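As a plain string of letters, each chain reads:
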Amino acid sequence: MLGIDDRAARYTWTAAVVLLLLGLVYLIRDTLVVFIVSLLLAYLLYPLADLLDRHLPANTRNLSLALTYLLFVGGLTVFMIFVGSQVASQAASLASAAPAFLDRLQQGTAAGSASIESLKFRILSGIQGQLRTHYNEIVSFAPKVTLGVLSASRNLIYIVIVPILSFFILRDGRSIRDSFLDLFDGDTGPAYDILMDVHTLLLQYMRALLLLCCTTFVVFSIVLSAMGVPYSLLLASIAFPLEFIPLVGPLTAAIVIILVSALSGYAHVLWVIVFLGVFRTLQDYVLSPKLMSRGVQLHPLLVIFGVFAGGEAGGVAGVFLSVPTLALIRLLYHRLGKTRAVRRTHKLAS
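Being a predicted model, the structure only gives us computed values, none of them experimental.

Looking only at helices and strands, one finds eleven helices and zero strands in the protein chain. Secondary structure elements in the protein chain, listed N-terminal to C-terminal, are α-α-α-α-α-α-α-α-α-α-α. Relative to its full complement of 350 residues, the protein chain shows a buried share of 28%. Residue pairs at least 24 apart in sequence account for 69% of intrachain contacts in the protein chain once pairs closer than 6 positions are excluded. On the protein chain, roughly 23,100 Å² of surface is accessible, and the fraction owed to carbon and sulfur atoms is 71%.

If you want it as structure tokens, here you go:
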């Protein structure tokens with residue numbers, strides 16, 4: 001038609017639809033992040049909900065989900081009662097000691113050479129000059145910062161929305177899956193296999209991630225306390241959530257622990273560095289490969305690329321979602337390759 005090859009036209013329309021979908025995904029990326037986090041929370045709670053669902057009488061899905069959330073919230077409450085109070089106490093102590101840390105840091109700087117002192121004087125003088133020059137701009141920028149903080153505070157509503165979305169995903173996930181499979185006109189085999197592979201991958205990933213985070217908290221609490229490191233429980237509590245963020249999180253936790261240990265006057269900072277290096281090696285090359293399945297494991301270069309690309313695309317959320325996203329892309333690529341190979345074999349056989 002009009003001298004245009006049908007195959008070329010079909011490929012052109014496919015490319016156009018893909019580009020439109022990518023543009024739509026970019027426009028609603030913030031909403032998608034909320035749903036993805038809700039999905040990951042649902043997979044985190046799924047083993048407990050499934051266990052309760054199997055042991056309770058039939059047709060009690062809502063009851064098993066209610067018990068799951070009750071146990072989840074109850075566990076967090078007990079943790080906050082027994083651990084949160086000590087963490088809060090150590091955080092208050094660290095905040096009150098912060099001026100002394102700064103004084104110690106300034107004294108250490110003053111003990112340096114005259115060239116360093118001169119360099120510091122020039123830097124401080126330059127900063128003061130820039131502040132005087134751009135004072136009006138800074139004053140006008142302050143209301144913008146305030147509005148930004150108020151805008152960010154609206155995201156606190158996600159603390160309520162995410163568990164609600166996770167509840168609906170857990171309750172209606174199977175019906176959503178069946179409705180999706182109905183779109184394939186009876187040829188649901190490949191699509192069902194892909195969905196089950198994705199389901200297994202996300203279950204294994206969230207289970208392994210939670211176990212790695214709990215291991216980090218327990219080991220850091222015990223070892224840092226045994227070594228006499230100040231604020232050990234607070235530092236372990238900081239490392240726990242950072243373990244959820246690939247590559248960047250553990251590195252940030254290590255830097256925070258070393259800085260706090262050094263500035264608080266701890267005499268064996270070198271042993272802290274040795275401990276962190278040994279723990280990271282065991283965590284990344286012994287424990288993590290045992291917990292993560294072969295489908296979740298990715299080459300370190302690919303992980304580094306995904307972390308930086310995710311940070312550029314979506315900030316902290318992009319970094320957090322980079323590894324599962326790459327693992328899903330890898331899984332889909334291999335699954336589609338196997339499906340094409342099977343179909344090609346059937347065609348040759350026929």
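Another point: the side chain of Gln 283. Assignment of secondary structure puts Gln 283 in helix α10 (residues 269-291). Within the structure, Gln 283 has its side chain in polar contact with the side chain of Thr 216 (distance 3.1 Å). Residues within four places of Gln 283 in sequence aside, it is in contact with Leu 212, Thr 215, Thr 216, Glu 243, Ser 288 and Pro 289.

Inspection of the entire model under this criterion finds eight aromatic pairs. With a centroid separation of 5.9 Å and 75 degrees between ring planes, the pair formed by Phe 167 and Phe 168 is classed as edge-to-face. Here Phe 220 and Phe 279 contribute two aromatic rings whose centre-to-centre distance is 4.9 Å and whose plane-to-plane angle is 65 degrees, an arrangement assigned as edge-to-face. Here Phe 279 lies in helix α10 and Phe 220 lies in helix α7 (residues 189-226), a separation of 59 residues in the sequence. A connected cluster of aromatic rings, assembled from ring pairs, spans Phe 79, Phe 217, Phe 240 and Phe 244.

Positive phi, normally seen in glycine, also occurs at Tyr 231, with a value near 60 degrees. Relative to the helices and strands, Tyr 231 resides in the loop between α7 and α8 (232-242).

On to the environment of Val 303, then. In this fold, Val 303 is placed in helix α11 (residues 300-349). Residue Val 303 is classed as buried on the basis of its relative accessible area of 18%. Put simply, Val 303 and Leu 326 are 23 residues apart on the chain and 8.0 Å apart in space, counted from C-alpha to C-alpha. Ignoring anything within four residues of it in the chain, the contact list for Val 303 reads Leu 298 and Val 323.

The next point concerns the environment of Tyr 43. With respect to the helices and strands, Tyr 43 occurs in helix α2 (residues 29-55). Residues Tyr 43 and Leu 203 lie 160 residues apart in sequence; the distance between their C-alpha atoms is 5.7 Å. Sequence-distant contacts of Tyr 43, that is, excluding residues within four places in its chain, are made with His 199, Leu 202, Leu 203 and Met 206.

The grouping of Val 17, Leu 21, Leu 24, Val 25, Tyr 26, Leu 27, Ile 28, Leu 32 and Ile 36 at the surface amounts to a nonpolar patch, some 810 Å² of accessible area in total. Breaking the nonpolar patch down by element, the ones donating at least two residues are α1 (6-27) and α2. Here Val 17 lies in helix α1. A relative accessible area of 42% places Val 17 in the partly exposed class.

In this structure, His 199 sits in helix α7. In this structure the side chain of His 199 is engaged in a polar contact, spanning 3.1 Å, whose partner is the side chain of Tyr 43. Beyond its immediate sequence surroundings of up to four residues, His 199 is in contact with Tyr 43 and Tyr 46.

Let us now look at the packing of helix α6 (residues 158-181) against α7. One can describe the packing of α6 onto α7 by two numbers: an axis separation of 10 Å at closest approach and a directional angle of 150 degrees. In terms of orientation, α6 and α7 fall into the roughly antiparallel class. Crossing angle aside, the handedness with which α6 passes α7 is right-handed. Contacts between α6 and α7 pair Arg 177, Phe 180 and Leu 181 from the former with Ala 191, Tyr 192, Leu 195 and Met 196 from the latter. Grouping the amino acids of the contact of α6 with α7 by side-chain chemistry returns six nonpolar, no polar and one charged.

What follows concerns helix α9 (residues 248-263). Here α9 contains 16 residues, and its C-alpha end-to-end distance of 22 Å stays within 8% of the 22 Å for a straight helix at 1.5 Å per residue. Within the sequence span of α9, burial applies to Gly 249, Pro 250, Ala 253, Ile 257, Val 260 and Ser 261. The buried side chains of α9 occupy one side of the element, clustering within an arc of 100 degrees when seen end-on. In the stretch just after α9, Gly 265 is the one whose phi turns positive, near 85 degrees.

Rules behind the numbers
- Residues numbered from 1 in each chain as written.
- Predicted model: local features only at pLDDT ≥ 70, side-chain atom pairs only at ≥ 80, totals over all residues.
- Heavy atoms only, no water.
- Helix = DSSP H or I, 4+ residues; strand = E, 2+ residues; numbered from the N terminus.
- Buried < 20%, exposed > 50% of the residue type's maximum accessible area, 1.4 Å probe, protein only.
- Contact = heavy atoms within 4.5 Å.
- Areas by Shrake-Rupley, 256 points an atom, 1.4 Å probe, with all protein chains shown as cover.
- Polar contact = N/O pair within 3.5 Å; in protein donor to acceptor, adjacent residues only side chain to side chain.
- Phe/Tyr/Trp six-rings, centres within 6.5 Å; stacked < 30°, edge-to-face > 60°.
- Patch = residues over 30% accessible without salt bridge, like charges linked within 9 Å, V, L, I, M, F, W, Y side chains within 5 Å.
- Salt bridge = Lys/Arg side-chain N within 4 Å of Asp/Glu carboxyl O.
- Axes fitted to C-alpha atoms, helices over the stretch in contact; angles between N-to-C directions.
- Parallel < 35°, antiparallel > 145°, perpendicular 65-115°, else oblique.
- Left-handed = near helix turned anticlockwise from the far one by under 90°.
- Nonpolar A, V, L, I, M, F, W, Y, C, P; charged D, E, K, R; others polar.
- Expected span 1.5 Å × (residues − 1).
- Arc of directions from axis to C-beta.

Read these as layout, nothing more, since geometry by itself doesn't imply function.
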